[in-house]
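# Structure at a glance
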Amino acid sequence: IAFSRFHSSIRVRPNDKDAKMKYQECNKIVKQKAFERAIASDELKRSVVDSLDIENMTIEDDYAGPKLEDGKVTLKFMKDLMAWFKDQKKLHRKCAYQTEEITICGDTHGQYYDLLNIFELNGLPSITNPYLFNGDFVDRGSFSVEVILTLFGFKLLYPEHFHLLRGNHETDNMNQMYGFEGEVKAKYTAQMFQLFSEVFQWLPLAQCINSKVLVMHGGLFSEDGVTLDDIRKIDRNRQPPDSGKTMCVLLQDGRSVSKRGVSCQFGPDVTERFLEQNKLQYIVRSHEVKAEGYEVTHSGKCITVFSAPNYCDQMGNKGAYIHLRGSDLKPEFHQFTAVPHPDVKPMAYANSLMQLGMM
């Protein structure tokens, strides 16, 4: 503003030496600020986190202060920290830098007792133990109501530290065939199913973690050039289209026709181009049973995680969840096996034709 006023002043009074001097001084400051912004622009694009090598930071033997337990903040750590600070002592820089991990779970498919086992093994969700569940919470397993109400409860309790993404089974067509609609009507009312249907439509389709990892239920796209901004612009408050559209692919797969006969599959070339265009390191997806509970493909750039062990009481697969920790978000895989559940068979509430298919 001052620059504009001095410029206007010397145009009106070109012989005013005082105004001309102030204009020149102001012009120097403006050019200096512009130069500072220009040389800083490249640095601003790169997060400070990227320059940290936390894993190789060593804690000296003579350090007697608070330490994180397996990289996690615990109640004991916080009590020790407050006492340490009270004595005017400094927390070790590795603990000060160290970032929290997030746990990513894949499909749970109404297997409530296996969900409880995940929390038993990995700890309950909390501010210091965040979770992301990557879709397909319901259908097939006959405890889908219990699963989704538990997940929604934690979402309400920890809205910033507990995340739910939509899968292809958070849709009306799938719920009508594979049991969730029938289960809700049997345990509650048709009106409650309609409410679940409305809520499912508002669930996010994908989540980007630290601008490095993209998590979605299904996979990548039937065409190149899709950006994160394109995903953000999707009108998700609806039932997905039958095929082809970006929303549909995020919930299922993309490119060539898949083994399952629905949607498509995508190869390493598709993954590589997408990651390069969007400046990401790798993607995490779910949607498919994996014998070990997870699978790493495309030279480590495409990870599949599935968290429903012994799927439908007959597949014999392990379940898994992933820890992403540290500045590089290197994945750590944790496997588990199925636990007993009450004698209610999978698909007990499914469409009668689908029940015949399970026999």
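Residues numbered from 1 in each chain as written. Predicted model: local features only at pLDDT ≥ 70, side-chain atom pairs only at ≥ 80, totals over all residues. Heavy atoms only, no water.

## What to know about the UniProt feature "domain: Serine/threonine specific protein phosphatases" (unreviewed entry) in the chain
- Following the UniProt record, one finds the feature "domain: Serine/threonine specific protein phosphatases" (unreviewed entry) at residues 165–170.
- Between the end C-alpha atoms of residues 165–170 there is a gap of 9 Å, over a span that is 0% helix and 17% strand. (UniProt positions renumbered as here; feature names shortened; annotations may be inferred. Helix = DSSP H or I, 4+ residues; strand = E, 2+ residues; numbered from the N terminus.)

## With respect to the packing of aromatic side chains
- Counting across every chain of the model gives 19 aromatic pairs.
- When the centroid spacing of 5.5 Å and the interplanar angle of 80° are considered together, the rings of Tyr112 and Tyr113 count as edge-to-face.
- Given the relative accessible area of 18%, Tyr112 is considered buried.
- Arranged with centres 5.6 Å apart and planes meeting at 40°, the rings of Phe133 and Phe162 form a pair that is tilted. One end of the pair, Phe133, is in strand E2 (residues 131–134); the other, Phe162, is in strand E3 (residues 162–165), with 29 residues separating them in the sequence. Summarising the burial analysis for this pair, Phe133 and Phe162 share the class buried.
- Joined through ring pairs, the aromatic side chains of Phe119, Tyr131, Phe133, Phe154 and Phe162 make up one cluster. (Phe/Tyr/Trp six-rings, centres within 6.5 Å; stacked < 30°, edge-to-face > 60°. Buried < 20%, exposed > 50% of the residue type's maximum accessible area, 1.4 Å probe, protein only.)

## Things to note about the sheet that holds strand E12 (residues 330–336)
- The five strands lie next to each other as E3-E2-E1-E11-E12, forming an open sheet whose pairing is mixed. Each edge of the open sheet is held by one strand with a lone partner, namely E3 and E12. Across the sheet, the mean angle from the axis of one strand to that of its neighbour is 20°, orientation sign disregarded.
- Relative to strand E11 (residues 319–325), strand E1 (residues 102–105) runs antiparallel, the two being bridged by four bridges. Each bridged residue has a counterpart across the sheet, and for Ile104 the counterpart in E11 is Ile322.
- Contacts from helix H5 (residues 112–122) reach E1, E2, E11 and E12 within the one sheet, and its direction differs from that of E2 by about 155°.
- Lying on the sheet, helix H6 (residues 144–157) is in contact with E2 and E3; it crosses E3 at an angle near 130°. (Pairing = 2+ DSSP bridges. Axes fitted to C-alpha atoms, helices over the stretch in contact; angles between N-to-C directions. Contact = heavy atoms within 4.5 Å.)

## Examining the sheet that holds strand E9 (residues 294–297)
- The mixed open sheet is built from five strands, whose spatial order is E4-E5-E8-E10-E9. The two strands at the open ends of the sheet, each matched to only one other strand, are strand E4 (206–209) and E9. Taken over all neighbouring pairs, the strand axes of this sheet differ in orientation by 15° on average, direction set aside.
- Pairing between E4 and strand E5 (residues 213–216): four bridges, direction antiparallel. Its bridge partner lying in E5, Gln207 is registered against Val215.

## Focus: the packing of H5 against H6
- At their nearest, the axes of H5 and H6 sit 9 Å apart, and the two run at 35° to each other. The handedness of the crossing between H5 and H6 comes out as left-handed. Side by side, H5 and H6 meet where Tyr112, Leu115 and Phe119 of the first sit next to Glu146, Val147, Thr150, Leu151 and Phe154 of the second.
- Taken together, the residues that form the contact of H5 with H6 break down as six nonpolar, one polar and one charged. (Left-handed = near helix turned anticlockwise from the far one by under 90°. Nonpolar A, V, L, I, M, F, W, Y, C, P; charged D, E, K, R; others polar.)

## Observations regarding H5
- Within the sequence span of H5, burial applies to Tyr112, Asp114, Leu115, Asn117, Ile118, Phe119 and Asn122.
- Among the structural elements, E1, E2, H6, E11 and E12 are those in contact with the buried residues of H5.
- Gly123 occupies a position one or two residues after H5 and carries a positive phi of about 90°.

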